[in-house]
Number of protein chains: 2
Amino acid sequence: VHDAGQGKVVVLGAGFAGLNAVRKLGAAGVDTLWVDARNYHCFLPLLYQVATAGLEPQEIAYPARSILRRVRAVEFRLARVVSGDPAARVLRTADGDAIHYEQLIVATGGAAEDFGIPGARELTFRLYDLEDARALRNHVLRVLEHAVVATDPVERAALVTFVIVGGGATGVEMAGALAEFRNHVVPRDYRALDASAMRIVVIEAGPELLPPFPPELRARARRDLEEFGVEVRTGTRVERVTATEALLAGGARISTATIIWAAGIRASAVAANLGLPTGRSGRLLVEPTLRVPGHPHVFVAGDVALVEGSERLPQVAQVAIQQGELAADNVLRARRGTPLVPFVYRDKGSMATIGRSRAVAVIGRVKLDGVLAWWAWLVVHLVMLVGFRNRLVVLVNWAWNYLTFDRGLRAIVGAEPDRLPADAAGDVCSAAEPVSLNLGPHR
Amino acid sequence: VHDAGQGKVVVLGAGFAGLNAVRKLGAAGVDTLWVDARNYHCFLPLLYQVATAGLEPQEIAYPARSILRRVRAVEFRLARVVSGDPAARVLRTADGDAIHYEQLIVATGGAAEDFGIPGARELTFRLYDLEDARALRNHVLRVLEHAVVATDPVERAALVTFVIVGGGATGVEMAGALAEFRNHVVPRDYRALDASAMRIVVIEAGPELLPPFPPELRARARRDLEEFGVEVRTGTRVERVTATEALLAGGARISTATIIWAAGIRASAVAANLGLPTGRSGRLLVEPTLRVPGHPHVFVAGDVALVEGSERLPQVAQVAIQQGELAADNVLRARRGTPLVPFVYRDKGSMATIGRSRAVAVIGRVKLDGVLAWWAWLVVHLVMLVGFRNRLVVLVNWAWNYLTFDRGLRAIVGAEPDRLPADAAGDVCSAAEPVSLNLGPHR
């Protein structure tokens, strides 16, 4: 059992909030330990492109240690934190190690919210981390391979039906990217399949897609999606998910091998075990200064935070970035003994891309759609990507996709199991070969 | 149960031999089914770069279906063939499907040969496919993370000791790439580690590294490796591998968490189940025309072939490429009823890269070393890579690595288990979430 971080600030989580907190603390020269169960920061807004073979997983992931090269005050630690005791100022890792801190910033992010709908947690795909995106990509590619050899038309129809639950930005972008894949890649690469038989269905419980956008852009997004051949069903609830179907309110059923759950965000699971007060969707309740009431040395930022007085903040990168920065600033203020500053969200706008030359964007009072919005989306996302090489490679891939209508990156790589019945479940563990190079007496 | 490929030529395997056979058959317009358990062709000579975070897995993998876009006569089928009956002209897949053929080309490639050394099969890493390379990369990155927090100096020393068994091209290239990683990446990203304590040991049973090269180049390669800080032990046998040690003949032991097995090649496992005669290392015995004696409709090409009269062919890409082409040509000749042609290897030369500006190469009578050999190696490998985009992205990455001494792609991505004791073995299956979207009655 190792002890680390005594007297330090610990930042838990390498998402947008954690990354920006660490940068602030590092710039101030504060002794900081940055902890995450992954060794990279992932640019989550582009997960749907990884899922549809437009980008590689590593192109939107940036190693934490590289980020810290010029940030000498911050150390990184790869560890899965499983619980915490704020009174004792300690976190516990899955390995049984203790991580002590003077002050803590919790930025453990979100996870999919399934609203208790039966089957949703176990039987759907999510887009909440890089492994999700990779697993979904491999699944989509495998489903098409199975469809090629399926002889039963009912089975084949289910294999080429993709249901997306949730009409927010994630659902809309995923649907658009799948439609582009169907329209441009399937006819060339899966000649035995009838691309027009491939169904992409977006199901949204609310009355409209993209609720945070102004009405004319919502309508435009819907029209764009429908022109791309996506079925949009608003005002429709999913009541249950089975291994072969999505069951809708009113009794309708859709046979499918792929349900993508993009219906809402809750706090990541670990938040419940940190000994801190929780609120709606398992999030951690904080004062407007992002400080936890009763635990003045603990701050919370990003999707895991439920800020008193601004409970309805959108769960987007900009909020996480700004909260991460404020949490770090308030840690610095607390150390200096100066008054803390409350969180005020500066809305820089919203964007969602539907596909090739189609997007919607609100930037201040400017509303954009079509090609202009798409270019704005492209530039903003390139600028936000961490790391010059990533930007360069993403640019090469996007240019290639745009010019050729192609998605080149379709190799099924990764040891996760096929979620189709054809492959024996036993395969999962044998493929992974869990050989333990146990260091025995040394450990 | 599906039936496919009746009357067709079936090519089994998407390596160099299979790829080149398929191209020939496709160009001749012959109805062909190309079958592999992976949906891509992988450029195996660069696996060691994936394993050391110089390249992305997808940059050296090219989707089979993209390769076939302009090859209308050839269909691809993703299937794991588990057995075959050459008399009935049928292959069986893991799903229980039958694949019938008129003529068959077996090009299932090789696997690591462990010579029955205890522990080698279960406890070492290999570099024989893309999943191997990805698993090894993730392991190396995790081992370094464990070393950062290790408090026991004996444990830490084992964690930063990398043993490579085999001094052929794979072993030498892997050792060189690991040495570059240690020399240029570790000091910048793992400041808590002493890079000079990181040991890279190459163990070769024979008297010299790179046996197929001329003596002066062998000596040069050894000198280059040693200058990079690699320990080279020739004339040394590994007798046993345990979870924590490599045991050498004579009683010496090396404590290590990472043993990379690059000591030899045998036939891939499926070769034994195809009902065909086998020889040394499980390979399939063929006549000089690559035809199986007694089964005139079956041909064998690449690492899985043991050609009568040329048993000592090197197991390299060039042999596989030339045999794949000849097997296809001989299939065409057999269909036309013209005499078959025997295999004659045209040696185009050999190369091995040791690291930054260091390589050795023999091209015809020309022997190169140092910078010149390195550039030759670079150009040849870029030209051989399938797919313009892959070449472009590889070039960008290589240029970046060269100019910055960096390896940017160090995110640990993938669901395979950590092979270290710290992480619970139970994690393996939970991480993979083997959800079966069973299509029930349809299947």
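Structure: above.
Predicted, not measured: the structure shown is a model, and the values here were computed from it.

1. A look at the overall build of chain A
Secondary structure summary: chain A contains 12 helices and 26 strands in total. Counting all 443 residues of chain A, 61% fall into the buried class. For chain A, the share of sequence-separated contacts (at least 6 apart) that also reach a separation of at least 24 residues comes to 66%. Counting only carbon and sulfur atoms, one obtains 54% of the accessible surface of chain A, whose full area is about 16,300 Å².

2. Some details on the pairing of strand E2 (residues 9-12) of chain A
Residues and elements named next belong to chain A. In E2, alternate side chains face the same way, and those of Val9 and Val11 on one face and Val10 and Leu12 on the other are all buried. Taken together, the 4 bridges between E2 and strand E3 (residues 32-36) define a ladder with parallel strand orientation. Paired with valine 9 across the strands is threonine 32, a residue of E3. This β-α-β element, E2 to helix H1 (residues 16-27) to E3, shows right-handed connectivity. Bridging between E2 and strand E10 (residues 103-106) involves 4 bridges; their strand directions are parallel. Paired with valine 11 across the bridge in E10 is isoleucine 105.

3. So, the sheet that holds strand E17 (residues 253-255) of chain B
Residue and element names in this part refer to chain B. One open sheet accounts for 3 strands, arranged E15-E16-E17; its pairing is antiparallel. Two strands close off the open sheet at either side, each with one partner strand: strand E15 (238-241) and E17. Between one strand and the next, the sheet's axes are offset by a mean angle of 20°, whatever the strand orientation. Sheet topology places strand E16 (residues 245-248) next to E17; 3 bridges connect them, and they run antiparallel. In the sheet register, leucine 247 faces E17, and the bridge partner there is arginine 253.

4. Examining helix H10 (residues 370-384) of chain A
Because each turn of an α-helix spans 3.6 residues, side chains separated by three or four positions in sequence point in the same direction. Its 15 residues give H10(A) an end-to-end C-alpha distance of 21 Å, which sits within 8% of 21 Å, the value for a rise of 1.5 Å per residue. Among the residues of H10(A), A:Gly370, A:Ala373, A:Trp374, A:Ala376, A:Trp377, A:Leu378, A:His381 and A:Leu382 are the ones counted as buried.

5. So, the environment of B:Arg77
All names here are of chain B. Looking at the secondary structure, you find arginine 77 in strand E6 (residues 74-78). Accessibility expressed as a relative area gives 5% for arginine 77, which makes it buried. A C-alpha to C-alpha distance of 28 Å links arginine 77 and valine 307, two positions 230 residues apart in sequence.

6. What about the sheet that holds strand E25 (residues 358-363) of chain A?
Residues and elements named next belong to chain A. Within the open sheet, the 3 strands sit side by side as E24-E25-E26. Their pairing is antiparallel. Among the strands making up the open sheet, the edge pair consists of strand E24 (350-355) and strand E26 (366-369). With direction set aside, neighbouring strand axes in the sheet form an average angle of 5°. The pairing of E24 with E25 spans 5 bridges and is antiparallel. By the bridge assignment, methionine 351 is partnered in E25 with alanine 361. The strands that helix H8 (residues 215-227) touches are E24, E25 and E26; relative to E25, the one it contacts most, it runs at about 165°.

7. Observations concerning the pairing of strand E18 (residues 258-261) of chain A
Residue and element names in this part refer to chain A. The alternating pattern of E18 places Thr258 and Ile260 on one face and Ile259 and Trp261 on the opposite face, and all of these are buried. Summarising the sheet, strand E12 (residues 161-165) and E18 pair through 4 bridges and their orientation is parallel. Bridging from a neighbouring strand, valine 165 pairs with tryptophan 261 of E18.

8. Let's talk about helix H5 (residues 130-149) of chain B
Residue and element names in this part refer to chain B. For H5, with 20 residues, the first-to-last C-alpha span of 29 Å sits near the 28 Å given by 1.5 Å per residue. For H5, the tally of buried residues reaches 17 of 20 residues, placing the bulk of the element in the interior. For H5, the capping residue at the N-terminal end is aspartate 129, with a side-chain oxygen 3.0 Å from the backbone nitrogen of glutamate 131.

9. Overview of the nonpolar core
Of all hydrophobic cores here, the largest spans 130 residues; its most connected members are A:Trp34, A:Leu46, A:Ile60, A:Leu91, A:Ile105, A:Val106 and A:Met174. The contact partners of A:Leu46, leaving out residues within four places of it in the chain, are A:Leu55, A:Ile60, A:Trp377, A:His381, A:Leu385 and A:Trp398.

10. Here's the deal with the side chain of B:Asn330
All names here are of chain B. If you trace the backbone, asparagine 330 turns up in helix H9 (residues 317-336). Asparagine 330 sits in the buried class, given a relative accessible area of 0%. One polar contact links the side chain of asparagine 330 to the main-chain carbonyl oxygen of threonine 289, over a distance of 2.9 Å.

11. A short note on the pattern of salt bridges
Any two side chains of opposite charge can pair, so long as their charged atoms come close to each other. This model, assessed by the stated rule, comprises 45 salt bridges over all chains. Measuring nitrogen to oxygen at the nearest pair gives 3.9 Å for the salt bridge that ties A:Asp31 to A:Lys8. Taken together, the residues span a long stretch of sequence, with A:Asp31 in the loop between H1 and E3 and A:Lys8 in the loop between strand E1 (3-4) and E2 at a distance of 23 residues. With a relative accessible area of 15%, A:Lys8 lands in the buried category. With its nearest N and O atoms 2.5 Å apart, the salt bridge here joins B:Arg69 to A:Asp189. In this pair, B:Arg69 sits in the loop between helix H3 (64-67) and E6 while A:Asp189 sits in helix H7 (residues 169-189), so the two residues belong to two different chains. For the pair shown, B:Arg69 and A:Asp189 are each scored as buried. Because the salt bridges share partners, they merge into one network encompassing A:Arg220, A:Asp224, A:Glu227, A:Arg358 and A:Asp369.

12. Here's the deal with the packing of aromatic side chains
For the structure on display, the rule yields 6 aromatic pairs over all chains. Each ring, one from A:Phe16 and one from A:Phe43, has its centre 5.6 Å from the other, and the planes form 80°; the classification is edge-to-face. Taken together, the residues span a long stretch of sequence, with A:Phe16 in helix H1 and A:Phe43 in the loop between strand E4 (40-42) and helix H2 (47-51) at a distance of 27 residues. Taken as a pair, A:Phe16 and A:Phe43 share a single burial class, namely buried. Where B:Trp374 meets B:Trp375, the ring centres are 5.6 Å apart and the plane angle is 80°; that geometry is what we call edge-to-face. Judged by its relative accessible area of 10%, B:Trp374 falls in the buried class.

13. Examining the packing of H5(B) against helix H7 (residues 169-189) of chain B
All names here are of chain B. Packing of H5 against H7 leaves a shortest axis separation of 14 Å and a crossing angle of 40°. Like other packed secondary-structure pairs, H5 and H7 cross with a definite hand, here right-handed. Along the contact surface, H5 presents Leu136, Val140, Leu141 and Leu144, while H7 presents Met174, Leu178, Phe181 and Val186. Each residue belonging to the contact of H5 with H7 can be placed in one class, and the counts come to 8 nonpolar, no polar and no charged.

Basis of the calculations
- Per chain, residues are indexed from 1 in the order of the written sequence.
- Whichever chain is written first becomes A and whichever ligand is written first becomes 1, with later ones labelled in order.
- Confidence filtering applies because this is a predicted model: local features only for residues at pLDDT of at least 70, side-chain atom pairs given and counted only at 80 or more, and all residues used for totals across whole chains, interfaces and linings.
- The side-chain values count all of the structure's non-hydrogen atoms but skip hydrogen atoms and water molecules.
- Counting from the N terminus, the helices are DSSP H or I runs at least four residues long and the strands are E runs at least two residues long.
- A 1.4 Å probe rolled over the protein chains alone gives each residue an accessible area, and that area as a share of the maximum for its type sets the label: buried under 20%, exposed over 50%, partly exposed in between.
- Residue contacts are counted whenever heavy atoms from the two residues lie within 4.5 Å of one another.
- Each accessible area is a Shrake-Rupley estimate made with a 1.4 Å probe; only the visible protein chains count as cover when residues are assessed.
- Here the rule is simple: two strands pair whenever DSSP picks up at least two bridges between them.
- A crossover gets the label right-handed when its path from the first strand over the helix to the second runs clockwise, viewed with the strands pointing away from the viewer.
- To obtain an axis, a line is fitted to C-alpha atoms, over the contacting stretch when the element is a helix, and the angle between two such axes runs from 0 to 180 degrees between their N-to-C directions.
- For a helix, the expected span equals 1.5 Å multiplied by the number of residues minus one.
- Throughout this description, a polar contact denotes any pair of N or O atoms lying within 3.5 Å of each other; where both atoms belong to protein, one of them has to be capable of donating a hydrogen while the other can accept it, and for residues adjacent in sequence the pair is counted only when both atoms sit in side chains.
- Here, nonpolar core means buried Ala, Val, Leu, Ile, Met, Phe, Trp, Tyr and Cys residues that are tied together by side-chain atoms lying within 4.5 Å of each other.
- Think of a salt bridge as a Lys or Arg side-chain nitrogen and an Asp or Glu carboxyl oxygen that are within 4 Å of each other.
- Note on aromatic pairs: the rings of Phe, Tyr and Trp (six-membered ring only in Trp) are paired at centre separations within 6.5 Å, and the planes decide the class, stacked below 30 degrees, edge-to-face beyond 60, tilted for the rest.
- Handedness of each helix crossing follows the sense of rotation of the near helix against the far helix: counterclockwise by less than a right angle gives left-handed, clockwise gives right-handed.
- Each residue is assigned to one of three groups, with Ala, Val, Leu, Ile, Met, Phe, Trp, Tyr, Cys and Pro labelled nonpolar, Asp, Glu, Lys and Arg labelled charged, and all others, Gly among them, labelled polar.

The analysis is restricted to geometry; functional conclusions fall outside its scope.
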